[in-house]
There are 2 protein chains.
Amino acid sequence: MLPIRGYATKGPTSILEPFKFERREPGPHDVLIEILYCGICHSDIHQALDEWGGAIFPMVPGHEIVGRVMRVGAQVKRFKVGDLAGVGCFVDSCRVCASCKAGLEQYCEGHIAWTYNGTEKDEKTPTYGGYSSQIVVDEHYTLKISPNLPLANVAPLLCAGITTYSPLRHFKVGPGQRVGVVGLGGLGHMAVKLASSMGAQVTVLSTSKTKEQDARRLGAHDFVLSKDSTSLEAHANRFDFILDAVSAPHDINAYLRLLRRDGVLALVGAPPKPLEVHAFSLVPKRRTLAGSNIGGIRETQEMLDYCAAKNITSDVEVIPIQQVEAAYDRTLKGDVRYRFVIDMKTL
Amino acid sequence: MLPIRGYATKGPTSILEPFKFERREPGPHDVLIEILYCGICHSDIHQALDEWGGAIFPMVPGHEIVGRVMRVGAQVKRFKVGDLAGVGCFVDSCRVCASCKAGLEQYCEGHIAWTYNGTEKDEKTPTYGGYSSQIVVDEHYTLKISPNLPLANVAPLLCAGITTYSPLRHFKVGPGQRVGVVGLGGLGHMAVKLASSMGAQVTVLSTSKTKEQDARRLGAHDFVLSKDSTSLEAHANRFDFILDAVSAPHDINAYLRLLRRDGVLALVGAPPKPLEVHAFSLVPKRRTLAGSNIGGIRETQEMLDYCAAKNITSDVEVIPIQQVEAAYDRTLKGDVRYRFVIDMKTL
């Protein structure tokens with residue numbers, strides 16, 4: 001076994017502290033990655049606080065991982081020592097169900113091995129995430145990272161990037177379409193960059209007027225203060241697609257009514273409490289409320305290659321790991337533009 | 001003006017009583033139809049009680065209309081005196097918006113003239129529905145009815161039929177798919193007949209065990225007692241498509257969880273209170289909650305022709321108009337298999 005250093009929390013009321021644990025020796029299909037940067041995703045906080053239930057402690061969070069390959073198994077074909085590599089929200093899946101076979105491992109109908117707060121393929125060994133020195137992952141669940149982009153800014157693409165890219169592609173967002181982005185945070189700012197890069201007319205809908213300048217800088221063509229019901233009403237029946245990245249309780253009907261006929265609102269946030277949906281927000285225009293969860297390995301690689309070609313990365317604030325608790329507090333307040341990324345050499 | 005006899009309600013606390021009113025003389029594009037049968041739709045009751053707000057009184061309900069053409073305007077091409085004719089939920093629309101041009105008049109972005117509880121194209125003259133002796137409708141909003149089917153049983157196709165046919169077609173239900181129908185009432189029983197005629201494997205999900213025999217007679221291949229959470233769980237991640245025809249409050253998450261990846265639950269009922277939707281019911285399987293509203297004229301004609309070819313009609317209980325109040329009471333209790341239809345010669 002390999003000795004690993006990381007940061008873990010012992011329970012929902014604990015803080016993140018230095019933690020020593022072990023990972024398996026790389027098998028024939030595994031790569032051993034030295035972690036260079038790891039993003040802080042809002043879902044790290046949800047899970048560290050056990051807000052979704054069933055959390056496994058001690059927990060080493062982190063699923064926006066970039067690093068460098070230190071060792072490869074004998075059968076590994078796609079990576080060699082010294083390559084950059086990325087790991088996202090899962091490190092294995094059943095590989096045999098219809099979803100896995102379709103390259104949609106994130107919707108695996110068998111056992112999926114989440115990068116942390118889950119179990120390995122054996123369904124027993126706990127998984128530990130990216131707030132750590134090294135990780136061992138099957139090469140088929142490891143992503144190739146372009147050397148042409150700043151690495152710290154690439155890390156959040158592994159979750160925030162693919163979580164917004166996948167629904168934009170699945171629901172066929174393209175040139176000339178009107179796209180709304182609700183909530184300008186870690187996910188929302190990636191949605192603005194990606195949707196505008198795809199040729200859509202992007203409007204940011206935010207409760208905070210102070211985000212307007214940033215919204216436009218990130219590529220939005222319009223900004224609507226969503227607290228102002230008159231402004232919202234002026235955009236009724238207008239949008240082809242709305243991406244809702246808000247995980248706090250909010251009135252989703254106000255946004256559904258902005259969709260044109262056959263428009264789609266995709267939820268990518270995960271509010272712990274149910275959303276109240278009026279049938280009359282959906283029925284009269286045949287509107288759709290959908291959910292979307294990260295993306296599969298093939299699509300994540302496609303997104304990383306797309307971002308490399310289009311020079312798209314996340315806006316980040318790099319911190320030493322000793323500031324992770326402060327970063328959690330600031331993330332909960334929305335006080336980050338737009339993603340904290342831990343510099344793992346500070347470990 | 002033409003003198004018309006009908007039944008109307010004067011307000012949300014009134015009952016339906018005989019009522020005399022006038023309709024316009026048929027213009028060059030109009031047909032005058034002697035109404036032979038009119039179905040009683042649950043939305044007649046919602047509107048007579050002003051449960052959706054903004055009701056216009058006196059109200060002559062009824063939008064499941066079949067009858068015989070008595071007179072045609074000079075420019076009318078598709079109908080001649082003596083033809084059977086049908087009228088559904090709307091009698092005109094703006095004709096120029098994108099939805100009207102696409103044959104989706106039910107989603108008209110301008111003014112739609114609902115068959116009752118609305119206004120004509122002038123946006124002033126109230127419309128009166130099918131609980132009446134005759135109706136005058138532009139031929140473009142009038143449907144052709146096959147003489148090969150029993151007329152009383154055809155009437156409910158004009159709303160219950162198209163309301164279920166349209167989402168089955170739009171969401172591409174076909175052979176081998178697993179389709180769930182929630183609620184075996186006026187809409188639900190049509191959904192079972194139509195979906196099974198399209199080759200789907202149909203399961204009825206009902207709170208009432210007494211409906212099982214009927215469900216199977218109507219064409220369902222399976223029946224699940226939806227009050228039994230163990231039975232429901234056994235069907236998790238199983239359905240490609242679920243049609244939810246329940247207008248009472250219900251736990252929609254229990255049904256959403258029955259959908260497989262990329263499955264669609266289409267709401268065609270209109271519960272007056274919002275539905276509580278958990279993000280976790282949608283996000284992990286990229287499921288979709290959609291609404292669907294009746295159908296356009298082109299699709300309604302397609303449905304009527306399809307039903308004539310497949311010998312599909314509604315199961316009805318024919319009543320004299322003097323029993324309409326008792327029929328409303330029984331409809332509210334779910335005590336009808338599966339649609340009341342008024343024999344208008346009793347007027």
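Residues numbered from 1 in each chain as written. Chains lettered and ligands numbered in written order. Predicted model: local features only at pLDDT ≥ 70, side-chain atom pairs only at ≥ 80, totals over all residues. Heavy atoms only, no water.

Draft legend 1. How the structure looks around the packing of helix H4 (residues 160–170) of chain A against helix H10 (residues 297–310) of chain A. Residues and elements named next belong to chain A. Taken N-terminus to C-terminus, the directions of H4 and H10 make an angle of 100°; their axes are 10 Å apart at the nearest point. On the basis of their axis angle, the class for H4 and H10 is roughly perpendicular. Across from Gly161, Ile162, Tyr165, Ser166 and Arg169 in H4, the residues of H10 making contact are Glu299, Thr300, Glu302, Met303 and Tyr306. Counted by class, the contact of H4 with H10 contains four nonpolar, three polar and three charged residues. (Axes fitted to C-alpha atoms, helices over the stretch in contact; angles between N-to-C directions. Helix = DSSP H or I, 4+ residues; strand = E, 2+ residues; numbered from the N terminus. Parallel < 35°, antiparallel > 145°, perpendicular 65-115°, else oblique. Contact = heavy atoms within 4.5 Å. Nonpolar A, V, L, I, M, F, W, Y, C, P; charged D, E, K, R; others polar.)

Draft legend 2. Up close: the interface of chain B and chain A. Across the contact, 37 residues belong to chain B and 37 residues belong to chain A. Buried surface at the junction of chain B and chain A, both sides included, amounts to about 3100 Å², of which 61% is carbon and sulfur. Joining chain B to chain A, the criterion identifies zero salt bridges. Between chain B and chain A we count nine residue pairs in polar contact (both at pLDDT 80 or more) in total. Within the residue set of the side of chain B that touches chain A, elements represented by two or more residues are helix H2 (98–101), helix H4 (160–170), strand S14 (259–267), strand S15 (275–277), helix H9 (279–282) and strand S16 (288–291) of chain B. (Buried area = accessible area lost by both parts, 1.4 Å probe. Salt bridge = Lys/Arg side-chain N within 4 Å of Asp/Glu carboxyl O. Polar contact = N/O pair within 3.5 Å; in protein donor to acceptor, adjacent residues only side chain to side chain.)

Draft legend 3. Layout of the pattern of salt bridges. In total, this model carries 43 salt bridges over all chains according to the counting rule given. In this structure, the salt-bridge partner of Lys345 of chain A is Asp343 of chain A, at a minimum N-O distance of 2.6 Å. Classification of Lys345 of chain A by relative accessible area gives exposed; the value is 68%. The partner of Glu302 of chain B in a salt bridge is Arg169 of chain B, with the nearest N and O atoms 3.9 Å apart. Residue Glu302 of chain B is located in helix H10 (residues 297–310), and its partner Arg169 of chain B is located in helix H4; the two are separated by 133 residues in the primary sequence. One connected set of salt bridges, linked through shared partners, spans Lys193, Asp214, Arg217, Asp315 and Arg337 of chain A. (Buried < 20%, exposed > 50% of the residue type's maximum accessible area, 1.4 Å probe, protein only.)

Draft legend 4. Representation of the relation of the copies chain B and chain A within the structure. Mapping chain B onto chain A calls for a screw motion: a turn of 180° about the axis and a shift of 0.0 Å along it, with 0.0 Å RMSD after fitting. Each copy turns onto its partner about a two-fold axis. Both copies share a contact surface, since 100% of the interface residues of chain B are interface residues in chain A too. (Least-squares fit on C-alpha atoms with pLDDT ≥ 70 in both.)

Draft legend 5. Structural context of the pairing of S16 of chain B. Side chains of S16 of chain B alternate between two faces, with Thr288 and Ala290 of chain B and Leu289 and Gly291 of chain B buried alike. Sheet analysis places strand S16 (residues 288–291) of chain A next to S16 of chain B, joined by three bridges and oriented antiparallel. Directly across from Thr288 of chain A, in S16 of chain B, lies its bridge partner Ala290 of chain B. In the sheet, S14 of chain B pairs with S16 of chain B via four bridges, with the strands oriented parallel. Across the sheet, residue Leu265 of chain B finds its bridge partner in S16 of chain B, namely Leu289 of chain B. (Pairing = 2+ DSSP bridges.)

Draft legend 6. Here's a closer look at the confidence of the model for chain A. Across chain A, the average pLDDT comes to 96, with 100% of residues at 70 or higher. Interface confidence for the predicted complex, expressed as ipTM, amounts to 0.94; the pTM equals 0.95. (pLDDT = per-residue confidence, 0-100.)

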